[in-house]
Amino acid sequence: MPTPRSTWPAPTCDDPRLMPSFSFEGLRPQIAADAFVAPTATLIGDVIVEAGASVWYNAVIRADYAPVIVRRGANIQDGAVLHGPPGLTTDVGPGATVAHNCVIHGAVLGEECLIANGSVVLDGATVGNRSLVAAGSLVAAGFIVPDGTLVAGSPAVVKRPVAGSPAEFWVRANPSAYAELAERHRRGTEYLGG
């Protein structure tokens with residue numbers, strides 16, 4: 001007779017039984033032991049999630065055409081989609097933030113940059129270190145956002161330096177805030193079934 005479900009040990013939030021992770025043509029996601037990947041995030045193929053990085057609920061990282069790399073301490077928030085075209089690696093820099101419901105497609109994101117909610121960054125674009133892409137913006141294919149710059153609009157255009165603006169707080173605060181929050185979710189979230 002099978003063991004009643006109520007007596008199973010409760011899996012923790014980072015239990016691999018809960019995380020949809022798939023190999024694709026022999027390429028498997030590689031996830032650092034101390035990275036946080038939410039149980040409803042989906043990782044497919046040639047994905048690398050480095051130490052201290054976090055991938056949040058309902059994010060999808062599909063690396064079938066080209067690799068997707070989430071560098072040390074970066075955070076990919078809820079509902080984000082990362083993918084790329086053939087031959088164009090998607091690279092999320094150390095401490096970078098990809099906020100809720102963003103699409104990053106074949107782009108390079110610099111260290112501790114912040115891609116705000118609902119933004120899209122397209123093929124071959126580069127977002128500089130500690131830059132901020134304002135919420136709802138579209139960074140066009142091939143566009144280069146200089147280091148320390150705030151861009152906004154569709155298509156995104158340079159608005160001003162991040163330094164000295166209200167955006168500076170978010171660029172500075174987000175990496176450590178999400179590192180702490182990921183640890184809280186790792187320890188404090190329990191699967192209740194469903």
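Keep in mind that this is a model prediction, so the values were computed, not measured. (Residues numbered from 1 in each chain as written. Predicted model: local features only at pLDDT ≥ 70, side-chain atom pairs only at ≥ 80, totals over all residues. Heavy atoms only, no water.)

**Describing the pattern of salt bridges**
Item 1. Taken as a whole and judged by the stated rule, the model has 8 salt bridges.
Item 2. The residue Asp 91 makes a salt bridge to Arg 71 at a minimum N-O spacing of 2.9 Å. With Asp 91 in strand 9 (residues 90-92) and Arg 71 in the loop between strand 6 (60-70) and strand 7 (75-76), this residue pair connects regions lying 20 residues apart in the sequence.
Item 3. For Asp 91, a relative accessible area of 17% translates into the label buried. (Salt bridge = Lys/Arg side-chain N within 4 Å of Asp/Glu carboxyl O. Helix = DSSP H or I, 4+ residues; strand = E, 2+ residues; numbered from the N terminus. Buried < 20%, exposed > 50% of the residue type's maximum accessible area, 1.4 Å probe, protein only.)

**Considerations on the packing of aromatic side chains**
Item 1. A full pass over the atoms with the stated rule returns 5 aromatic pairs.
Item 2. Relative to Tyr 57, the ring of Phe 36 has its centre 6.4 Å away and its plane inclined at 65 degrees; by these criteria the two rings are edge-to-face. On the criterion of sequence distance, the pair formed by Phe 36 in strand 3 (residues 36-37) and Tyr 57 in the loop between strand 5 (54-55) and strand 6 is long-range, its members being 21 residues apart. Of the two residues, Phe 36 and Tyr 57, neither departs from the other in class, the shared state being buried.
Item 3. A connected cluster of aromatic rings, assembled from ring pairs, spans Phe 36, Trp 56, Tyr 57 and Tyr 178. (Phe/Tyr/Trp six-rings, centres within 6.5 Å; stacked < 30°, edge-to-face > 60°.)

**Concerning the sheet that holds strand 16 (residues 132-133)**
Item 1. The strand order 3-5-7-10-13-16-19-20 describes an open sheet built from 8 strands, whose pairing is mixed. With one partner strand each, in any of the chains shown, strand 3 and strand 20 (156-161) form the two edges of the open sheet.
Item 2. In the sheet, strand 16 pairs with strand 19 (residues 149-153) via 2 bridges, with the strands oriented parallel. The partner of Leu 132 across the bridge, within strand 19, is Leu 150. (Pairing = 2+ DSSP bridges.)

**Quick word on the environment of Ala 32**
Item 1. Tracing the backbone shows Ala 32 in the loop between strand 2 (30-31) and strand 3.
Item 2. Using a relative accessible area of 23% as the deciding quantity, one classes Ala 32 as partly exposed.
Item 3. If we skip the residues at most four places from it in the chain, Ala 32 touches Val 49, Glu 50 and Ala 51. (Contact = heavy atoms within 4.5 Å.)

**Thoughts on helix 1 (residues 167-188)**
Item 1. With 22 residues, helix 1 extends 30 Å from end C-alpha to end C-alpha; this agrees with the ideal 32 Å at 1.5 Å per step.
Item 2. Taken together, the buried positions of helix 1 are occupied by Ala 167, Val 171, Asn 174, Pro 175, Tyr 178, Ala 182 and Arg 186.
Item 3. Lining the buried residues of helix 1 we find strand 3, strand 5, strand 7, strand 10 (97-98), strand 13 (114-115) and strand 16. (Expected span 1.5 Å × (residues − 1).)

**Some details on the nonpolar core**
One broad trend across soluble globular proteins is that nonpolar side chains are buried collectively.
Item 1. If you look at the biggest cluster of nonpolar residues, it comprises 35 residues, and the most contacted ones within it are Val 55, Ile 76, Leu 82, Val 98, Leu 109, Ile 115 and Val 121.
Item 2. Contributions of two or more residues to this core are made by strand 4 (42-49) and strand 6.
Item 3. Each residue touching Val 121, except ones within four places of it in the same chain, is listed here: Val 103, Ile 104, His 105, Ala 107, Leu 109, Ile 115, Val 127 and Val 139.
Item 4. Counting residues in hydrophobic clusters, the runner-up holds 9 residues, among them Leu 114, Ala 134, Ala 152 and Val 162. (Core = buried A, V, L, I, M, F, W, Y, C linked by side-chain atoms within 4.5 Å.)

Shape descriptors only; they carry no functional weight alone.
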